[in-house]
Amino acid sequence: MDPLITSELSKCDDGIPFSPKYHHVHSTWAKTFLSRPDLYFQPETLEEIEKIVKLAHRCHRRITTTGCGHSPSSLTCTSSWLVNLDRYNRILSFDQESGVVVMQAGIRLYQLCDELAKHGLAMPNLGSINQQSIAGAISTGTHGSSLRHGIMSENILSLRITTADGVTRFCSPDEDSELFRAAVLSLGALGIITEVTFQAVPEFTLKWQQVIDSDHKMISAWDKGLWTRAEFVRVWWYPYTRRAVVWQAEKTSEAPADPPKSYYGGELGYFVYHNLLYVAQYIPRILPWVERFVFGMEFGFSNGCKSQAIQPSRKALLMNCLYSQYVNEWAIPLHKGPEALRRLSSWLNQLPPTDPDYVLHGIPFSAEGLWVHAPVEVRVSDNSSASPNSRPYLDPTVEDGPTLYLNATLYRPYFHDPPCYLRYYEAFEYLMRELGGRPHWAKNYQSNGVELEEMYGDRMQQWRKLRERVDPDGVFVGPWHRRNVLGDGNTLLNEEIEGGSTKVSDKAVHFRGNIPTLDRVPKEEL
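Numbers given to residues run from 1 along each chain, matching the order in which its sequence is written. Owing to the predicted nature of the model, reporting of local features is limited to residues with pLDDT of at least 70; listing and counting of side-chain atom pairs is limited to 80 or more, with chain, interface and lining totals taken over all residues. Computation of side-chain values covers all heavy atoms of the structure but excludes hydrogens and water.

Novice: How would you explain unusual backbone geometry if you had to name every residue and give the values?
Specialist: Cis rather than trans, the peptide bond between Ala374 and Pro375 has omega equal to 0 degrees. Think of it this way: any DSSP run of H or I at least four residues long counts as a helix, any run of E at least two long counts as a strand, and we number them from the N terminus. Tracing the backbone through its elements, the reader meets Pro375 in the loop between helix H11 (337-348) and strand S18 (376-381). The backbone of Gln350 sits at a positive phi, close to 50 degrees, despite the residue not being glycine. By secondary structure assignment, the location of Gln350 is in the loop between H11 and S18. Of note in the backbone geometry, Tyr414 takes a positive phi value of approximately 50 degrees without being a glycine. Structurally, the position occupied by Tyr414 is in the loop between strand S19 (403-411) and helix H12 (421-434). Assessed through its relative accessible area of 34%, Tyr414 is described here as partly exposed. Accessible area is worked out with a 1.4 Å probe on protein chains only. A residue is then buried under 20% of its type maximum, exposed over 50%, and partly exposed in between.

Structure, rendered in structure tokens:
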């Protein structure tokens, strides 16, 4: 162990465990980034967490917190100290009558849903997956797809967060509301969220139905009840076939009924699609055919094909992410959705002016020879009714109305980058910015910090001010934060900087960081 750490530990006669692991390799779920932290921790008590933070501060180390690593960006990568809260995951209290639940912040969403169900409760809304920790989900702005719900942080009543001085602070919309607004979408840069008080609802069952039809029909229904026909609605859009699957779900008291099964819908379909995507790495022009075949087999080849089921909400709201992937999701005003989809379709399909669905796309990049994966995921939320004291400073959703999310997914068959990656995302982001969009913080956007600062204006400045208040030395700051949210300025005392990350073939980036301050630590401290 580093002599400086050993020296500082010798001053701690508190009986609190300090039990790091060595040689840990951290990677994102999609295997897009990997890193080798110096020390890896899985604390089980608040006292352990506070001790780790205090020692990191004194020893000029940076701390990164990770859950399942589902963000495909380098947000959770570090060469310094990595903290995982999987063993800090207990429910602390239930109030059956009010639905208020207090929990340790490392609990995964699937664990939380199972525990809530035992008490007749449920989360009001879920995103597409349930592998994240509750702290990670709220720290990155996770959302579902419903105009009756905002982002997940709307259900957070209060937090406790351990900041750079090793002190655990309480915050809520009514007490230290500025810290609360910064912490409920913190990007891991304020401290370690240790406790969450959450507003659950009575357990509910959903009856869902999905219908595949032309995208023209879906877009025509946009302002005619498409997004209000049920509590939960989401769409998968297939640009080459110009079709869409509309999924909707409403609460019901009917008995559960499993989704229909087919010989293709399980492992067979999974491996067929995966291998077709791999072949398309070398012959990209087959992707429109792949889209027609795979999603015809999955949903039906004829317009109007339907399927339905009745499931508990904790199952019905989830989807299978399938393979390693890049995801680039943006939030734009809901009313701009038809324009966005029509322009993207005209560009991707290189539609001629004679096509009835043609519009002038205005994207200044060529789509010649570009072939992409499907679908584009289309979801909604409405966070506009959030109180000023509870709305996150870095909330990407529309301030005064409903929000549409467009997610351009690109699969990485057998962990290989698709050849269309850079050009597709360059064009997609150009369109999203032109429509007044903001990227989802945890995704693979390419916009830079200057552009992001323009998107958020004073709210980003307020977030920075709060971040500096609780972590002036940058114990929780790394290259991702400097590049995206911190702007220009001097390197902070504990800040980790880029240290020569390298691409491992076309499979992953090996992140390497360093902390310049360590080179300036007096020898007598070492």
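Novice: Hey, could you go over the side chain of Arg464 for me, with residue numbers and the actual values?
Specialist: Among the structural elements, Arg464 can be located in helix H14 (residues 458-470). Take Arg464: its relative accessible area is 15%, and that puts it in the buried class. We call two N or O atoms a polar contact when they sit within 3.5 Å, provided that within protein one can donate a hydrogen and the other can accept it, with sequence-adjacent residues counted only if both atoms are side-chain atoms. A distance of 2.6 Å separates a polar atom in the side chain of Arg464 from the backbone oxygen of Val485. For this analysis, residues touch if any pair of their heavy atoms sits within 4.5 Å. Not counting chain neighbours up to four residues away, the residues in contact with Arg464 comprise Glu453, Val485, Leu486 and Gly487.

Novice: Residues and numbers for the state of the cysteines, please.
Specialist: Should the sulfur atoms of two cysteines be covalently bonded, the bond is a disulfide. The disulfide definition used here is simple: a pair of cysteine sulfur atoms within 2.5 Å. On inspection of all chains with the given rule, the structure shows zero disulfides. Take Cys420: it sits in no disulfide, and the sulfur closest to it among the cysteines is that of Cys321, at 18 Å. Overall, Cys420 belongs to the buried group, its relative accessible area being 5%.

Novice: Before we move on, can you summarise helix H1 (residues 3-10) with the specific residues and values?
Specialist: Helical periodicity: at 3.6 residues per turn, an α-helix aligns residues three or four positions apart in one direction. Those residues of H1 not exposed but buried are Leu4, Ile5 and Glu8. Down the axis of H1, the buried set is contained in an arc of 100 degrees. They therefore lie on one face. Looking at the packing, one finds that the buried side of H1 touches strand S3 (39-41), helix H2 (46-58) and strand S5 (81-84). Its side-chain oxygen at 2.8 Å from the backbone nitrogen of Leu4, Asp2 defines the N-terminal cap of H1. In this description, one arc is meant: the one made by directions from the helix axis to the C-beta atoms.

Novice: Please set out the pairing of strand S10 (residues 168-171) residue by residue, giving values where relevant.
Specialist: Within a regular strand, side chains alternate between the sheet's two faces. Pairs of strands are assigned from DSSP output, requiring at least two bridges between the strands. Bridging between strand S9 (residues 156-162) and S10 involves four bridges; their strand directions are antiparallel. By the bridge assignment, Thr162 is partnered in S10 with Thr168. Taking the residues between adjacent antiparallel strands as the criterion, S9 and S10 are bridged by five residues, where Gly166 takes a positive phi near 80 degrees.

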